[in-house]
Structures are given as structure tokens and as C-alpha cells.
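# Coordinates in review
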Amino acid sequence: MRGKTKESFVGEVSRDTRSANLAEAWRMVREDESLEMTSSSESAERAEASSWASSPASQAIMRANKGRDTRPEKALRSAVHALGCRYRVDTRPIKSVRRTADLVFPRQKLAVFLDGCFWHGCDEHYRPAKGSTSEFWNNKIADNRRRDRDTDQRLHQAGWEVIRVWEHDDPASAAEHIAHRVNRARKSDAYSDDPMECSVGDE
């Protein structure tokens, strides 16, 4: 239909990291001959005036990049579960606040976020984008960082503890750190009726 942006599904990726997912999705887009880009001057002007995020290429990348259940997330959940800790997955710590944590321990008011190095601007691995799409991506990562800080502040003000884990962190070490915090929170709750502890020692 005229005036509608044509979308094309190029596939799904499942790499170890979200940045690798992004790179793989770009490769798939370039190789997909069905993803046609019009060359008329009218389309070019319309594309230039609109957000790059609305282009078919960008939409294909966004769809291909998994928002949850990535390999790092599954590895962390498995390591935490192996220590005897029980948690909720992909849940809002505070129902009235539209922010979702990867692991939530409601009794202990502990929220765990596993942050992708690309999407959350890891100081160790993130490199600012360059080229024609650099403004879009750099602004997006900056917005994500501001949102992370705002999320932490909102949770802290509501009495929650926040743990942030990078996707490059060792899941076993991160799980032990989380288990220590869970155990400490349990012991500090004088009215807790949950005697179970995660199977690690105290810090």
C-alpha cells in the first residue's frame, strides 16, 4: 500500500552476546536479496526526514535481536538456580513502575539486571557507533544509560537493592555474588518465614 513501509523478516539470531546478535543481524540483512530499498528521490527524501529506526533494515535488526532469554541470561539463571536460590524471571519489581528486571527476589526486595555490553554502553566493550547511523545508535545507548540510572534510583527509593551484571561477567561468580546478597537480606529480615538459604557462604 502506498505510504506504508514494507517490512521483511530475515531470520532470528541467537549469539552469545547482544552485540554479536546485532552484527549477525546486519550480515543477514545485507545478504537478504528480498530486502529491497527504493532509490527514487521521493523515497530518499522521506527516509532522510524520518527516523533511521523506522527503516526496513533497522526494523529487521530490532526483530532479530532477542530482548530476553539470551544465552548470558540463561547461563546466569542456571547458575543462580544451582545455588538453591529461587526467583522470578522478567518481572517488574514495582508493579506501578514499568521497569522489568531479569531476576527478582520479592521477599528480599532484590532486583538483578543483566545488561548487554552494546545496549547498555559497557565501558570495557562498547565503542561509539560511526558512520551514517552513528547519531541514532549513540543517542539510543545514551538514553539506555539514563534509563538505567533512573531505574536504580526509583528502586532504591522504594527500598529495593539493585544488582547489575554485565553480559561479559562470569555467570558463576555473578551468581555467588547474588546468592550472598540474597542470604544477607534473608538474615536481616527478622520476620522472615523463609529459612532456605542459597548454598554459599557469607561475605
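First things first, this report covers the structure right here in the doc. (Residues numbered from 1 in each chain as written. Predicted model: local features only at pLDDT ≥ 70, side-chain atom pairs only at ≥ 80, totals over all residues. Heavy atoms only, no water.)

Within the protein chain, the regular secondary structure consists of six helices and four strands. Relative to its full complement of 203 residues, the protein chain shows a buried share of 43%. Restricting the contact set of the protein chain to residue pairs at least 6 apart, pairs at least 24 apart contribute 58%. A total of about 12400 Å² of accessible surface is found on the protein chain, and carbon and sulfur atoms cover 47% of it. (Helix = DSSP H or I, 4+ residues; strand = E, 2+ residues; numbered from the N terminus. Buried < 20%, exposed > 50% of the residue type's maximum accessible area, 1.4 Å probe, protein only. Contact = heavy atoms within 4.5 Å. Areas by Shrake-Rupley, 256 points an atom, 1.4 Å probe, with all protein chains shown as cover.)

The full count for this structure, using the stated rule, is ten salt bridges. Across the pair aspartate 123 and arginine 145 runs a salt bridge, and its minimum N-O distance is 3.6 Å. Of this pair, aspartate 123 sits in the loop between strand E3 (110-115) and helix H5 (134-157) while arginine 145 is found in helix H5, placing the two residues 22 residues apart along the sequence. Close ionic contact of aspartate 150 with arginine 154 constitutes a salt bridge, the shortest N to O distance being 2.7 Å. (Salt bridge = Lys/Arg side-chain N within 4 Å of Asp/Glu carboxyl O.)

Turning our attention to the sheet that holds E3. Within the open sheet, the four strands sit side by side as E1-E2-E3-E4. Their pairing is mixed. At either end of the open sheet lies a strand with only one pairing partner, and these are strand E1 (88-91) and strand E4 (161-166). Sheet twist, expressed as the mean angle between neighbouring strand axes with direction ignored, is 30 degrees. Relative to E4, E3 is paired through six bridges, and the arrangement is parallel. (Pairing = 2+ DSSP bridges. Axes fitted to C-alpha atoms, helices over the stretch in contact; angles between N-to-C directions.)

On to helix H6 (residues 171-188), then. Relative to the 26 Å expected for 18 residues at 1.5 Å per residue, H6 spans 26 Å between its end C-alpha atoms, a close match to the ideal helical length. Among the residues making up H6, those that are buried are Ala174, Ala175, Ile178, Ala179, His180, Arg181, Val182, Asn183, Ala185 and Arg186. (Expected span 1.5 Å × (residues − 1).)

This part covers the environment of arginine 92. Examined against the element boundaries, arginine 92 turns out to sit in the loop between E1 and strand E2 (101-105). Under the relative-accessibility criterion, arginine 92 is labelled partly exposed at 35%. Expressed as a C-alpha distance, the spacing of arginine 92 and proline 106, which sit 14 residues apart in the sequence, is 10.0 Å. Discounting chain neighbours no more than four positions away, the residues touching arginine 92 are Val97, Arg98, Arg99 and Thr100. Side-chain polar atoms of arginine 92 contact the backbone oxygen of lysine 95, separated by 2.9 Å. (Polar contact = N/O pair within 3.5 Å; in protein donor to acceptor, adjacent residues only side chain to side chain.)

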